[in-house]
Amino acid sequence: VAAEKGGYEHFMLKEIHEQPRALRDTILGRLEEEKVVLQEVDLSSEQLSQMHKVYIVACGTAWHAGLVGKTLIERWAHLPVEVDIASEFRYRSPLIDEHTLVVVVSQSGETADTLAALREAKNRGARVIAITNVVGSTVSRDAHDVIYTWAGPEIAVASTKAYTTQLEGMVLLGLYLAQVKGTLPASKIGEIISDLKEIPAQVQEILDQESSIRQLAQSFVGVEDAFFLGRSLDWAVSMEGALKMKEISYIHAEAYAAGELKHGTLALVTEQTPVIALATQRDVFDKTVSNIKEVKARDAKVFGMTYKGNTSLAKSVDHVIYIPETRDELAPILTVIPLQLLAYYVSVARGCDVDKPRNLAKSVTVE
Ligand code: G6P
């Protein structure tokens, strides 16, 4: 087993470090200068023009990837998207028919609720695209089209490289739909593609500063509760950051849309609750900073995250984690990396079983 961990103490840490490679593999052969090549998806512009709505359906971390996908597809392909938890979707009699595109996301391709949702969607006539990491998995066989993520086997229960490659899958799908529908000019697609190609090296850059996150983790060791805040795509990533923290360190962590905090949750914020505030999304940056000031006013210790070169956040928080600059739509692939490392080092410091957290399974084949 030690050999399988490739010199790392845990599978999770190994898998965190495999992300630059996994991210490179997932875009390999799928990007031309101004065009996304998704041979696996065979939707003509005629067929796509018949699609009026998209549902993204998944569980756990894959559902969090779907939340990012919603914004990308709506913004780029101008299609309305609903994101649903598979176990809810199934029993809701969702309004789907042959004019609906259903995207199921599953690392294992075997999650019982996701599979059942896929079948339900097919029975109702929807076109189903799967994003999955396991070649030949049940999800991959049952869907009409499959976009594989090339993360490689993920052993740790807490998902890391599967999530970031699922985010890439969402970027590829969002661009592909925009391309087929003609909602983005080729030049714009080209700009996004060139930024996407930078992402693996930028992830590596963050990993190279691992020791600073390790240090920061010490502030969380004795904590009972933590909050993760952000707006827009930062909110979606906050949910994944909070989930990582809960899963492996057993700290109660809650993600909140930064603007919604004052409608209830702010009552829970005290000097005992560290707050992680993601502030990358440029269109809502100032609003997010106002929300950060609200929690600072309650004496919370705030750890902010933003792009390198943004010097203004430092004035409103106790500590800033900087990530390399990219376009806002791609930021989730970067912002989640420090959050994965944070959860990992807090878990280690608290003496938890990092790779096999209590009560959880890697693949859930019961409903
Ligand atoms: C389990 C795992 C999670 C995962 C979820 C969905 O709960 O512990 O990490 O996100 O299942 O799994 P899937 O294989 O469908 O992505």
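Owing to the predicted nature of the structure, the values given are computational and were not obtained by experimental measurement.

Novice: Account for the packing of helix α10 (residues 210–217) against helix α13 (residues 331–349), naming residues and giving values.
Specialist: Where α10 contacts α13, the two axes come as close as 8 Å, and the packing angle between them is 50°. Accordingly, the angle class assigned to the pair α10 and α13 is oblique. The hand of the α10/α13 crossing is right-handed. Where α10 abuts α13, its residues Glu210, Ile213, Arg214, Leu216 and Ala217 lie against Pro338, Leu341, Leu342, Tyr345, Val346 and Ala349. Looking at the contact of α10 with α13 residue by residue, the classes come out as 9 nonpolar, no polar and 2 charged.

Novice: So what about the site of the ligand? Which residues, and what values?
Specialist: Taken together, 15 residues lie near the ligand, and Gly60, Thr61, Ser106, Ser108 and Thr111 sit nearest. Broken down by element, the shell around the ligand gets its largest block of residues, 3 residues, from helix α4 (residues 60–77).

Novice: Tell me about helix α12 (residues 285–296), and name the residues and values.
Specialist: Look at α12: 16 Å from first C-alpha to last across 12 residues, which is about the 16 Å you get at 1.5 Å a residue. Contacts made by the buried residues of α12 are with β6 (225–230), β8 (275–278) and β9 (302–307).

Novice: I'd like a description of the sheet that holds strand β3 (residues 100–106), backed by residues and values.
Specialist: Either a parallel or an antiparallel arrangement is found when strands of a sheet pair, and the pairing is made through backbone hydrogen bonds. If you trace the 5 strands from one edge of the open sheet to the other, you get β2-β1-β3-β4-β5, paired in parallel fashion. A strand with exactly one partner marks an edge of an open sheet, and here the two such strands are β2 (81–85) and β5 (145–148). Direction aside, neighbouring strands of the sheet carry axes that sit 20° apart on average. Running over the sheet, helix α6 (residues 112–123) touches β1 (53–58), β3 and β4 (127–132) and is turned about 165° from β3.

Novice: Break down the packing of helix α11 (residues 233–249) against α13 for me, with residues and values.
Specialist: As a packed pair, α11 and α13 sit with axes 9 Å apart at the nearest point and diverge in direction by 20°. Relative to α13, the element α11 lies roughly parallel. Taken as a pair, α11 and α13 cross one another with a handedness that is right-handed. Judged by residue contacts, Leu233, Asp234, Ala236, Val237, Glu240, Gly241, Lys244, Met245, Ile248 and Ser249 of α11 engage Ala331, Pro332, Thr335, Val336, Leu339, Gln340, Ala343, Val346 and Ser347 from α13. Partitioned by chemical class, the residues of the contact of α11 with α13 number 11 nonpolar, 5 polar and 3 charged.

Novice: Describe in detail the sheet that holds β8, supporting the description with residues and values.
Specialist: The 5 strands are arranged β7-β6-β8-β9-β10 in an open sheet whose pairing can be described as parallel. The open sheet terminates on both sides in strands that have one partner only, identified here as β7 (252–257) and β10 (319–323). Taking each pair of neighbouring strands and ignoring which way they run, the sheet shows an average axis angle of 20°. Against the sheet, α12 touches β6, β8 and β9, its axis set at about 165° to β9.

Novice: Outline the nonpolar core, supporting the account with residue identities and numerical values.
Specialist: Grouped together as the largest cluster of nonpolar side chains are 120 residues, with contacts concentrated most on Val102, Val103 and Val104. By residue number, the principal contributor to this core is α13, which donates 12 residues.

Novice: Provide a residue-level description of the confidence of the model for the protein, including the pertinent values.
Specialist: When pLDDT is averaged along the protein, the result is 96; 100% of the residues meet or exceed 70. Across the predicted assembly, pTM comes out at 0.97 and ipTM at 0.96.

Cut-offs and rules
Residues numbered from 1 in each chain as written. Predicted model: local features only at pLDDT ≥ 70, side-chain atom pairs only at ≥ 80, totals over all residues. Axes fitted to C-alpha atoms, helices over the stretch in contact; angles between N-to-C directions. Helix = DSSP H or I, 4+ residues; strand = E, 2+ residues; numbered from the N terminus. Parallel < 35°, antiparallel > 145°, perpendicular 65-115°, else oblique. Left-handed = near helix turned anticlockwise from the far one by under 90°. Contact = placed C-beta atoms within 7 Å. Nonpolar A, V, L, I, M, F, W, Y, C, P; charged D, E, K, R; others polar. Near = placed C-beta within 6 Å. Expected span 1.5 Å × (residues − 1). Pairing = 2+ DSSP bridges. Core = buried A, V, L, I, M, F, W, Y, C linked by C-beta atoms within 7 Å. Buried ≥ 20, exposed ≤ 12 C-beta atoms within 10 Å, placed from the backbone. pLDDT = per-residue confidence, 0-100.

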